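Overview (structure and organization)
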Amino acid sequence: MKLLMSVITLVASITLTSVASAQVYGAPASPKAGELSTIVCSQTVESLCAQLLYKTDVTASTEGQFQVLVQGFDGAPLQNFKVDLWMNMGHHGHGSSPVDIVENANGVYLVTNAWFVMPGQWNVRIDFTLNDQAQHLEIPVWVSR
């Protein structure tokens, strides 16, 4: 009986240690320069989507730069284009300092001065008006140290 309890305790200990290690070491990697984010599409306008093209590696200790690529619209100008960084933290959340945005072409925007100030799951929130209709898209970004 003591041997059985010792084996059960050992197995439980190994399992808990593995789970704890998976949470620390199993986190997704931060985006690297040249990589693309997932594509996120509007729930109100069919085929209106956005994606990020990372110009720098994303970390919690360096300035991030990326392009926002908006696709699937009819060529009408995107107005009131805004980007901010947001981290949900359960019962509250926080942002980062304002980013700088330069329009390279209609639907292509360079975002600089993007500071993801701590590791974890962030959202790049993209807001604009298209054909007098407000649009809001959020692209998740995992940030490591």
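Presented here is an overview of the structure given in this document. (Residues numbered from 1 in each chain as written. Predicted model: local features only at pLDDT ≥ 70, side-chain atom pairs only at ≥ 80, totals over all residues. Heavy atoms only, no water.)

Here we take up the nonpolar core. Counting 31 residues, the largest nonpolar core has F66, V68, V83, F116, V124, I126 and F128 as its most contacted members. Every element with two or more residues in this core is listed here: β2 (49–54), β3 (64–71), β4 (79–88), β7 (108–114), β8 (120–130) and β9 (133–143). What V124 contacts, discounting residues up to four positions off in sequence, is L52, F66, V83, D84, L85, F116, L137, E138, I139 and V141. (Core = buried A, V, L, I, M, F, W, Y, C linked by side-chain atoms within 4.5 Å. Buried < 20%, exposed > 50% of the residue type's maximum accessible area, 1.4 Å probe, protein only. Helix = DSSP H or I, 4+ residues; strand = E, 2+ residues; numbered from the N terminus. Contact = heavy atoms within 4.5 Å.)

Spatial strand order, β1-β2-β3-β7-β6: 5 strands in an open sheet with antiparallel pairing. Two strands bound the open sheet, and with one partner strand each, they are β1 (40–41) and β6 (100–105). Sheet analysis places β1 next to β2, joined by 2 bridges and oriented antiparallel. Its bridge partner being in β2, C41 is matched across the sheet by C49. (Pairing = 2+ DSSP bridges.)

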